[in-house]
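# Architecture at a glance
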Amino acid sequence: MDKMKYVGHDIPRTDGPEKVNGSARYSQDIVLPGMLYGLIVRSPRPHAYIEHIDFTKAAKLPGVATVLNLNKYTVRYVGEEILALAAESMDIAEDAAALVEIKFRDLPFVVSEEAAMKEDAPRLDQNGNVSGWGDGNKAEVEKIIEESAFAVENTLSTQVQTHACLETHSCTAKWEGDKLTAWVSTQGVHGARSDLAQYFEIPVENVEVICEYMGGGFGSKFPVGVEGVVAARLAKITGKPVKLMLSRHEEFLAVGNRPSSHQHLKLACDKTGKITAFWQESYGTGGISEDASFPSPYIYKVPDGAVYKKHEDVRINAGPARAMRAPGHPQANFAMEVIMDMLAEKAGMDAIEFRILNDPNESRHHQYRLGAEKIGWTAKRRKTPGSDKGPLKRGVGVSSGTWGGGGEKDAKAIVEIFPDGRVVTSIGTQDLGTGIRTCVHQVTADVLGIPMSLVTPKIGRTSLPFAPGSGGSITIGSVTPVINNVAGKALAELLAKVAPALGVSAGDLVCEDGVIFSTADRAKSMKWKDACALLQGRTLSVQDGWVEGFSSSGVAGCQFVEVEVDVETGRVKPIKVVAVQDFGLPVNTLTSRSQLNGGVIMGLSWAMLEDRSLDPNTGTMVNPNFENYKLLGPMEMPEIEAVIDPMPERGVIGLGEPAHIPTSGALVTAIHNATGVWVTKMPITPAAVLEALKKNGGA
């Protein structure tokens, strides 16, 4: 790592200038000759039969190219797709949509978990609204808890968080015969290609998916989506390119969310502070879809046979869930960290020492102490929570997380060295905004020993070698080992051509700073461009795949929050966040800190503001816009200290998911330290804080 000039350093993003000067082409920027604009007509009803659709007037409107009936007979949530149309402009498309006449026969609906769990609730499924599972012996675990020295219990809730990528979901589709080109805002160009090929029953080689730049995905852009298939269908019907980009309103209704959770927990420990038992009964909703589960007990060690869990997924008439950054982990973290702090307090132990005692991960033991020092734990932690004088009270809290990561072994890449010294590295990955394009650039230059200015990274197309979808923090573990391998082999081939000219063995040659030289005799050297000229007009091209030994999985991290709470207004003001995280070898320390910052910001935003609100009378989301669905803004962001805990010997590991997990838990434990009361329900709004203060008789 010490010999690397780019890897392990702060390197500005390769595509930064294009993003700043506006030349980067996102899916919104795609404009093709003769292009039509697609639009989806969606259900305004939460649950209804579709008795009749008349789109005659819409189809006859001048400028409308076609109307596509999606043949839905029943809709189950507001925003579900019913039909689509293509027109010469979006204005015409919107006018045509207003002319579509749909006769509904309304059905009973339910939009809250508690209402959906009742025996007489409207059913979304013939098998009922609730499906569940359990594990452990409830009676035995309750007996352990009763016999333990200390025990606590509480009910903790997290709300539904909707996806809110800055760039909405979109697809522009163009057919040439039976070949389809689609510009898709996607987290996986190769996955999107497979989706489209499968739908249209054509070979995958007949489909090219392009995504050169994208404005975030966070798990919502793995499938090509209804909008992608519809755009391609409209293009096929009309024989013209069709762009279909969802509005912000549609985005809130139909492209996924993080499920809610309601967790009743019990936790017990012995006199030394060792956890003796964990008890959980929980439920949550992912809308019309299942899987609102989460991992538990989270992080901390509980003895075998001392865990009881019962969980129920509850279906309601709302848009389906999709994967969202670290699926399940933030919900688990929030509840577990609260109950941990409660038990530590009851046992009379310091919150950090209590965690170290029960946390089996040795990396976090070191991180707890490192983070505590940086936040000023000893000085700022109130020994008596809520003991500050006056209405403004401060405190600090701590929380921790874990994630897997890893790499996809099927990834491949091509490195081409041209006679003029240029190098092009091609791999069919995509950059969600994490900076993988820059990492491809850095690794190629470092392995070859040349300036980054000679290297061009190419990504974002299925015509490039396969790389997996970007999710689960596996991208960097999939991509960089491939680049390291292929660039190394390309360099070896070039050195074999240089060696005879220098009269040395190729094995004695290295390349540093654009100069190839013999390690035995530095005088025997050749500049990179002169070496490439030996290719005599031909391009040296090497393609190969992923190899073992450059990546691994499993990361640990913890976060600390200092907060100020106004107990008269309930306003919570995060002052500082310290985020300590290991993720193996940090390929780019600058973009890594950006990911840590982004994870913290997203965590605070979820904990304090974001909340899908459904009207129980109409079944409609009442805040499907950025005016009323609040995201954390620049003026609300605290100081964030991103602390990288480097472990280069472990190879590269992804960072996107784990950076987000611990924030909410650290925030709520800090609020308790400041006020002396527990806020057990998210989002932690001023009203929620005041309610908690009132319930506990004030701070």
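Calculation rules
Residues numbered from 1 in each chain as written. Predicted model: local features only at pLDDT ≥ 70, side-chain atom pairs only at ≥ 80, totals over all residues. Heavy atoms only, no water. Core = buried A, V, L, I, M, F, W, Y, C linked by side-chain atoms within 4.5 Å. Buried < 20%, exposed > 50% of the residue type's maximum accessible area, 1.4 Å probe, protein only. Helix = DSSP H or I, 4+ residues; strand = E, 2+ residues; numbered from the N terminus. 1 Å grid on protein atoms, 1.4 Å probe; cavity = no way out; pocket = protein on both sides within 12 Å on 5 of 7 lines; lining within 4 Å. Points joined across faces, edges and corners; volume = space filled by probe spheres on them. Nonpolar A, V, L, I, M, F, W, Y, C, P; charged D, E, K, R; others polar. Phe/Tyr/Trp six-rings, centres within 6.5 Å; stacked < 30°, edge-to-face > 60°. Lys NZ or Arg CZ within 6 Å of the ring centre and 35° of its normal. Pairing = 2+ DSSP bridges. Axes fitted to C-alpha atoms, helices over the stretch in contact; angles between N-to-C directions. Contact = heavy atoms within 4.5 Å. Expected span 1.5 Å × (residues − 1). Disulfide = S-S within 2.5 Å.

Looking now at the nonpolar core. Grouped together as the largest cluster of nonpolar side chains are 85 residues, with contacts concentrated most on Leu267, Trp377, Phe560, Val563, Val572, Leu667 and Ile684. Among the elements that take part in this core, helix H9 (residues 329-347) stands out by supplying 11 residues, more than any other. By size, the runner-up hydrophobic cluster in this structure holds 49 residues, among which are Ala445, Val486, Ile516 and Trp546.

What follows covers empty space enclosed by the protein. Per the stated rule, a full pass over the model turns up 2 cavities of 30 Å³ or more. Here the largest cavity defines a volume of roughly 110 Å³. If you trace the largest cavity, you find 18 residues lining it, with Leu253, Ala318, Gly319, Arg612 and Leu614 closest to the centre. For the lining of the largest cavity, the per-class residue count stands at 10 nonpolar, 7 polar and 1 charged. Taken as a whole, the second largest cavity encloses approximately 30 Å³ of empty space. Every residue lining the second largest cavity is listed: His169, Ser170, Val184, Ser185, Lys221, Pro223, Val224 and Glu227. Along the lines of polarity and charge, the residues of the lining of the second largest cavity split into 3 nonpolar, 3 polar and 2 charged.

Applying the stated criterion to the full structure yields 7 aromatic pairs. Judged by centre distance (5.1 Å) and plane angle (80°), the rings of Trp175 and Phe200 are edge-to-face. Taken as a pair, Trp175 in strand S10 (residues 170-176) and Phe200 in helix H6 (residues 189-200) lie far apart in primary sequence, 25 residues in all. A residue is classified by how much of its surface remains accessible, and Trp175, at 13% relative accessible area, is buried. Between the aromatic rings of Trp377 and Phe560, the centroid separation amounts to 5.8 Å while the plane-to-plane angle is 80°, which identifies the pairing as edge-to-face. Highlighted residues: Trp377 in helix H12 (residues 377-380) and Phe560 in strand S26 (residues 553-566), separated in sequence by 183 residues. Owing to a relative accessible area of 0%, Phe560 belongs among the buried residues under this scheme. Above the plane of the ring of Trp175 lies Lys236, whose end atom (NZ or CZ) is 4.0 Å from the centre. Its end group placed over the ring of Tyr213, Arg437 keeps NZ or CZ at 4.4 Å from the ring centre.

The 4 strands lie next to each other as S21-S20-S19-S25, forming an open sheet whose pairing is mixed. The sheet is open, and its two borders are formed by strand S21 (455-458) and strand S25 (540-545), each paired with just one other strand. For this sheet, the mean inter-axis angle between neighbouring strands, taken without regard to orientation, is 15°. Across 4 bridges, the pairing between strand S19 (residues 412-417) and strand S20 (residues 423-426) is antiparallel. Bridged to Ile417 within S20 is Val423. Packed on one face of the sheet, helix H13 (residues 436-448) meets S20 and S21 and runs near 140° to S21.

This part is about the pairing of strand S2 (residues 48-54). Strand direction decides the pairing type here: S2 and strand S4 (residues 74-75), joined by 2 bridges, are antiparallel. Looking at the pairing, Ala48 lines up with Val75 of S4. Sheet analysis places S2 next to strand S6 (residues 101-106), joined by 6 bridges and oriented antiparallel. Counted as the bridge partner of Tyr49 is Arg105 from S6.

Let's shift gears to the sheet that holds S6. Pairing in this open sheet of 3 strands is antiparallel, and the strands run S4-S2-S6 from one edge to the other. For this open sheet the edge positions go to S4 and S6, each flanked by a neighbour on one side alone.

Moving on: helix H17 (residues 663-675). Between the first and last C-alpha of H17 there are 18 Å, a value that for 13 residues agrees with the 18 Å anticipated at 1.5 Å per step. In terms of burial, H17 is a largely internal element, 13 of the 13 residues being buried. Gly676, located one to two residues past H17, shows a positive phi value of around 85°.

Below, the discussion takes up the state of the cysteines. Overall, the coordinates contain 0 disulfides when judged by the stated rule. Looking at the unpaired Cys211, the closest cysteine sulfur is the one in Cys171, lying at 11 Å. Take Cys211: its relative accessible area is 3%, and that puts it in the buried class.

With that settled, the discussion passes to unusual backbone geometry. Omega for the bond connecting Ser296 with Pro297 falls within 30 degrees of zero, at -10°, which places this linkage in the cis form. For Pro297, the location among the structural elements is in the loop between strand S16 (275-284) and strand S17 (307-314). Between Met682 and the following residue, Pro683, the backbone shows a cis peptide bond with an omega angle of 0°. Inspection of the secondary structure puts Pro683 in the loop between H17 and helix H18 (686-695). A positive phi angle is found at Ala326, which is not glycine, with a value near 60°. Position of Ala326 among the secondary structure elements: in the loop between S17 and H9. For Ala326, a relative accessible area of 0% puts it in the buried group. The backbone phi angle of Asp513 is positive, close to 50°, even though this residue is not glycine. With respect to the element layout, Asp513 can be found in the loop between strand S22 (509-512) and strand S23 (515-518).

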